[in-house]
Amino acid sequence: MSISSTIVESSRASTPLATLVNSGCKAVGGIFRLDYARAVVLTDDWRKTQAGGVPHGAFLLAAAGAQTAEGFALDDEELILLRVSGTAPLPNESDLVQTRLAVVRDAGDSGKGFDEVTDELTRNELQQSAFDCDVIGTFYVDRNETKIQFGSDIDNVVSSARYQVFLPSPDVLSWIASYPEPDGDDLLTLGAVRFASTRRRARESGTDNAAVHVHIGDFVSRKTAVFGMTRTGKSNTIKTLVTAIATQAANSGTLVGQLIFDPQGEYANVNEQDQTGLRLLGDENRVRIYRLGANGSDPQVLPLAMNFFDPANFDAVVDFVNSVVNDQFGTYAYVKTFTSINWTEPDRVADRGDWITWTKAVLGMYGLLVECGISAPSFAAGGLEFGWTDPLYQAFNTANPGLVVKAGSNYRATTPEAAKRVMLHMANDGSWNQRSTGGDTPFKFIADFNNRASGKAAIRQLREFHSTSATQRVEEQIWDDMQAGRLAIVDLAHGTGDVSKTISENTVNFLLSRANERFRSGQDAVPFQIVVEEAHNLFERGAKDVAGNPWVRLSKEAAKYQIGLVYATQEVSSVDQRILSNTSNWLVAHLNSDNETRELSHYYDFKTWAESIRRVEDQGFVRMKTYSGKYIVPVQVAKFDHAMINAARAAAGLPVVEVK
């Protein structure tokens, strides 16, 4: 070869893509059939063994070129990325089967080894096989550029005999699995590439250490689904993501709040086995836990309750009451009239008649709460003002002295118990039920509701969410946490299912409303995340329209408010399709049902992985598609540990947590 030819070959072997191939990638064969969607790769047992094995789903790189003294030289600056989907028959497959049959028969009859009954040429032929591969896309470099780009197809089909196929080395596999490469602090090492449950050959070849790096920014202000059966690593994955976001936000000096609805208490508490937990990411200024029954002994734990008898919380109380009765008895006529009451306060001077009617309805609502077993020694504001007449007051006061007092031109119920007594006393009084112009009043709807045992039973479920020690509405506190970039964990482990659902839905609706106010006022959005475990208990496919379903609202509206949603469930089919269609990041562990994998197969190319997802139960083994990722990557997610916790604490300027 001439000097000039040597220089040309050397340069062709050192281009960006050739450098990838020459970075320890092992040749496993060549393409003998190629179209725009599939490729068939000819290989043999010796090359597969030398490469360390080729598992199902493995990435392969196909390159047109030739081996030179300087390394593999590319004919064109592109590599075709393939994924092994199975085996393919060779053109002479029937002859090979007959020969293998004869070898097995002869060896068995003679008691000799297989190699002893075949010649070398036959043995070489029998070792030939083929992979059937999906064409994922093309890595390429434009002329006069060095940046490697990716296209999700191929734009030409040439003579396949020029394509040699390589199994990526651990470093190249890490690069492929992490493409496009994250920059700077926007980096999370989520785990390592894993193609199979059996990992012997991967460990011997080192590919089980091929790290998978993801863009942390992919998971901020976007929808992320974490699917998998119980004990397959969903919670571990979420803890890893939450910690990475907290670390990156602290390092970059940005505010990213995170809200976790925790149905089992596994995020709100420290794991006794390994002494890890998300509450360790910060002190009470960075991590807050909301829990029913909190008594103030732990500065990180705040009450997951509000004072129902603080008039400042009246609108929130109405939302909770309407939500819980609608969920259980929303088809009943008495519930529809009760929940349709307009609670907007009229002007107490200009519209005094309407204002008096409104005050009677408010008093009736508080009386109803007491009837349902929700009470307090007094109102937070010292009493409840309402409109009445002197004769009616005198009649009531004779039987119930001191429960109602005169307050200027109005009257005041001194306690919630007094409000109940007034409601019951006046429930049958026509002057309360009818306005001068005729027609039913809101008070009548409340009085009718009070006669319904089923509706009152629904309201009783809210008793554990009421606390006279609460000084602020919980939703307001959580909104403040999100704006301050804190981690807020709502511990729902001690509440009933209906209350947990009511709390989470009302909180989400409140956050969306506040975010909408901020958006309409022209203020910049402060991004935050909402994390939902056991999402199948909250997402009801087709149950409500967009306006009534906060989770569908979240999927539709949250992007403009920079609100992200991370939801975990073992039932893909339970999630509203409108939420699935707006999901950017997918992490899928073991699912045991073909109904679930069939639903999953409607999205991206998860159909390729359906059988593996059903069969393999290894904890933490997920198939991942991210917002910026171009294809699905199988990953063994790293175990959440103290190193992650202490990295987050160091970024926040806090001391490390010692392992006990």
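Reading the values: the criteria
Residues numbered from 1 in each chain as written. Predicted model: local features only at pLDDT ≥ 70, side-chain atom pairs only at ≥ 80, totals over all residues. Heavy atoms only, no water. Helix = DSSP H or I, 4+ residues; strand = E, 2+ residues; numbered from the N terminus. Buried < 20%, exposed > 50% of the residue type's maximum accessible area, 1.4 Å probe, protein only. Contact = heavy atoms within 4.5 Å. Areas by Shrake-Rupley, 256 points an atom, 1.4 Å probe, with all protein chains shown as cover. Core = buried A, V, L, I, M, F, W, Y, C linked by side-chain atoms within 4.5 Å. Arc of directions from axis to C-beta. Pairing = 2+ DSSP bridges. Axes fitted to C-alpha atoms, helices over the stretch in contact; angles between N-to-C directions.

Now for the overall build of the chain. Across its full length, the chain holds 23 helices and 23 strands. Taking all 660 residues of the chain together, the buried fraction comes to 53%. Across the chain, every contact between residues at least 6 apart in sequence was considered, and the portion connecting residues at least 24 apart equals 72%. Roughly 28800 Å² of accessible area belongs to the chain as shown, and the carbon and sulfur atoms make up 47% of that amount.

Side chains of nonpolar character tend, in soluble globular proteins, to be buried together. Core analysis: the biggest nonpolar cluster contains 101 residues, and Phe 227, Trp 343, Trp 388, Ile 530 and Tyr 567 have the highest contact counts within it. When residues of this core are assigned to their parent elements, the largest contribution, eleven residues, is made by helix H11 (residues 352-371). Leu 74, Ala 177, Ala 249 and Met 644 belong to the second-largest nonpolar core, a separate cluster that totals 91 residues.

Every buried residue belonging to helix H12 (residues 390-399) is among Leu 392, Tyr 393 and Phe 396, and all of these are buried. Axial view of H12: buried residues confined to an arc of 100°, hence all on one face. What points out from H12, more than 90 degrees from its buried face, is the exposed set Pro 391 and Thr 398.

Its place among the elements puts Ser 235 in helix H8 (residues 234-252). On the basis of relative accessibility, which here comes to 14%, the residue Ser 235 falls in the buried class. Aside from chain neighbours lying at most four places away, what touches Ser 235 is Glu 266, Tyr 267 and Glu 533.

Let us look at the sheet that holds strand S20 (residues 563-569). The strands making up a sheet associate through hydrogen bonds between their backbones, and the pairing can be parallel or antiparallel. Strand order in this open sheet of twelve strands is S10-S9-S23-S22-S21-S11-S20-S19-S12-S18-S13-S14, and the pairing throughout is mixed. Of all strands in the sheet, those bounded by a partner on one side alone are strand S10 (211-214) and strand S14 (301-303). Pairwise comparison of adjacent strand axes, ignoring direction, gives a mean angle of 25° for this sheet. Relative to strand S18 (residues 487-491), strand S13 (residues 287-291) runs parallel, the two being bridged by five bridges. By the bridge assignment, Ile 289 is partnered in S18 with Ile 489. Against the sheet, H8 contacts strand S9 (188-193), strand S11 (223-227), strand S12 (257-262), S18, strand S19 (528-532), S20, strand S21 (585-588) and strand S23 (633-637), and its axis sits at roughly 145° relative to S9.

Interpretation note: all reported values are geometric properties and have no functional meaning in isolation.
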